[in-house]
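Tertiary structure, described
Spelled out from the first residue to the last, the chains are:
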Amino acid sequence: MITRIAILVFSCSIWIESAQAQQPLAPLIEQQVPGLVEIYKRLHASPELSRQEEKTSAFLAGELRKAGFTVTEPVGKYEEPGYTCYGVVAVLKNGAGPTILVRADMDALPLEEKTGLPYASRVRVKNDQGLEVGVMHACGHDIHVTALLGTAKVLALVKDRWHGTLVLIGQPAEELGLGAEAMLRDGLYARFPKPDYILALHDNASLEAGKIGYCPGYGWANVNSVDITIRGIGGHGSQPQMTKDPIVLAAQVILALQTIVSRENNPFDPAVVTVGSIHGGTKHNIIPEDVKLQLTVRSYKEEVRNRILASIERITKGVAIAAGIPEDRAPIVKVDKTALKSVYNDPELTERLAKVWENALGKDNVMKLDPAMYGEDVGVLSLEGHQIPLVLFNIGAVDPAIMAKSRIEGTILPSLHSSTFAPTPEPTLRTGVMAMTTAVLELMKK
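Everything in this summary refers to the structure shown in the same document. (Residues numbered from 1 in each chain as written. Predicted model: local features only at pLDDT ≥ 70, side-chain atom pairs only at ≥ 80, totals over all residues. Heavy atoms only, no water.)

**Quick word on the packing of aromatic side chains**
Each aromatic ring pair is summarised here by two numbers: the centre-to-centre distance and the angle between the ring planes. Using the criterion set out here, one finds 5 aromatic pairs in the structure. When the centroid spacing of 5.0 Å and the interplanar angle of 70° are considered together, the rings of Y218 and Y344 count as edge-to-face. Here Y344 lies in strand β16 (residues 343-345) and Y218 lies in strand β9 (residues 217-220), a separation of 126 residues in the sequence. Relative to F393, the ring of W357 has its centre 4.5 Å away and its plane inclined at 45°; by these criteria the two rings are tilted. Note that W357 is positioned in helix α9 (residues 347-361) and F393 in strand β18 (residues 390-398), a separation of 36 residues in sequence. Exposure remark for W357: the relative accessible area of 0% places this residue in the buried category. Among the residues examined, F393 registers a relative accessible area of 0% and is labelled buried. It is R51 that lies over the ring of Y78; its NZ or CZ is 5.8 Å from the centre. In this structure, R51 packs its charged tip against the face of Y83, placed 3.6 Å from the ring centre. (Phe/Tyr/Trp six-rings, centres within 6.5 Å; stacked < 30°, edge-to-face > 60°. Helix = DSSP H or I, 4+ residues; strand = E, 2+ residues; numbered from the N terminus. Buried < 20%, exposed > 50% of the residue type's maximum accessible area, 1.4 Å probe, protein only. Lys NZ or Arg CZ within 6 Å of the ring centre and 35° of its normal.)

**Considering α9**
Over its 15 residues, α9 runs 20 Å from end to end, which matches the ideal 21 Å to within 8%, given 1.5 Å per residue. The complete set of buried residues in α9 reads L349, T350, L353, A354, V356, W357 and L361. On an axial view of α9, the arc spanned by its buried residues comes to 165°, and they lie on one face. Seen from the buried face of α9, the exposed residues on the opposite side, beyond 90 degrees, are E348, K355 and N359. Looking at the buried residues of α9, the elements they touch are β7 (197-208), β8 (212-214), β16, β17 (366-368), β18 and α11 (425-444). (Expected span 1.5 Å × (residues − 1). Arc of directions from axis to C-beta. Contact = heavy atoms within 4.5 Å.)

**Points about empty space enclosed by the protein**
Going through the model one piece at a time under the given rule, you end up with 1 cavity of 30 Å³ or more. In this structure, the largest cavity spans a volume of roughly 50 Å³. Only β3 (99-105) and α4 (141-157) provide two or more residues apiece to the lining of the largest cavity. When residues of the lining of the largest cavity are assigned to their parent elements, the largest contribution, 4 residues, is made by α4. Tallied by class, the residues present in the lining of the largest cavity amount to 6 nonpolar, 2 polar and 1 charged. (1 Å grid on protein atoms, 1.4 Å probe; cavity = no way out; pocket = protein on both sides within 12 Å on 5 of 7 lines; lining within 4 Å. Points joined across faces, edges and corners; volume = space filled by probe spheres on them. Nonpolar A, V, L, I, M, F, W, Y, C, P; charged D, E, K, R; others polar.)

Given below as structure tokens:
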């Protein structure tokens, strides 16, 4: 009798799994949506700064284990000592076939939330400098993690529809540009299956929820931060002839740097050189010893990046020489070591997936977007020379009614990294899970 009951239970289990495998994706995803919204709100209310994602990673790892994945944590090694890298790697093997890596970033921003939502973050912590700051998921990484979980749950239910190895990663420290590199440094592709394709999504604050945006080729930029110290010879404001005024030199340098993009760069190779900060002096009648500039430099091609950085140093030092600054007071130009690499969406793969999304979501809901000058470190995972085909696509996060109202009234919507940015969770997650699940199934279909 016990044996017959066991056989009956086993048979029912197989029947249920088979029925789930044959069920259309939309109802399966719809079953997940209420739980995913609750997960999203939980993550949104409890954000963690870059390199502090201990609780977020533990939660993600636990949920992936429940879905049937083999999970390893923590994964990653930072170059800077004293920090734990909270990377999560989850693997689900389902026979012979391709290996697909799906990545979601986990960290939040040092920003006080002002959305007024009932699940708004009220978290305050100390940053790496020891200062107390508010913390907010103002870039949508809570959406990314939740969509990853939704994708994991659905794909685990429909294993009869795909074959191969699925690798899901929760990546820390994207906002610092450190997390992807740290996971590679810890043997991501040696300890775990090396992917044939890489997929990632990012919410979009200018796109309606329910829509997908894609961009073949270069989609996100190289990013460098440059710090320049212009050194002069200080003195009394009434006797400028006795000094070498670094404020005047800084003004000349700022203007001269604008000629890099307008006169040295090919207009078909997009680039940006922005001086975002200038600090110098303490009093009206004191010519200071130095002035500090902070720059952000954006480009797509590596050769363009290198040429612009060389031009910045050449122009800065050339202006100082022309002003008679002695060699021992030459400007100091420092380029950050944690530069972000551009994200190159493999054109063939991107167009292939765009057709999949059009079939799943409707042509009107899938849009080709222009390249952006944002930075994203997921491009590092594709390795030098774009060895592994990668696609980073956008999912709309704005309530269509709010979008329509902004168009009529001409108001500006909150952007990413705004303290008032608030994705509309349900349709955003539904679309994200559908888009990622159908993309994986296309690449791993039987």
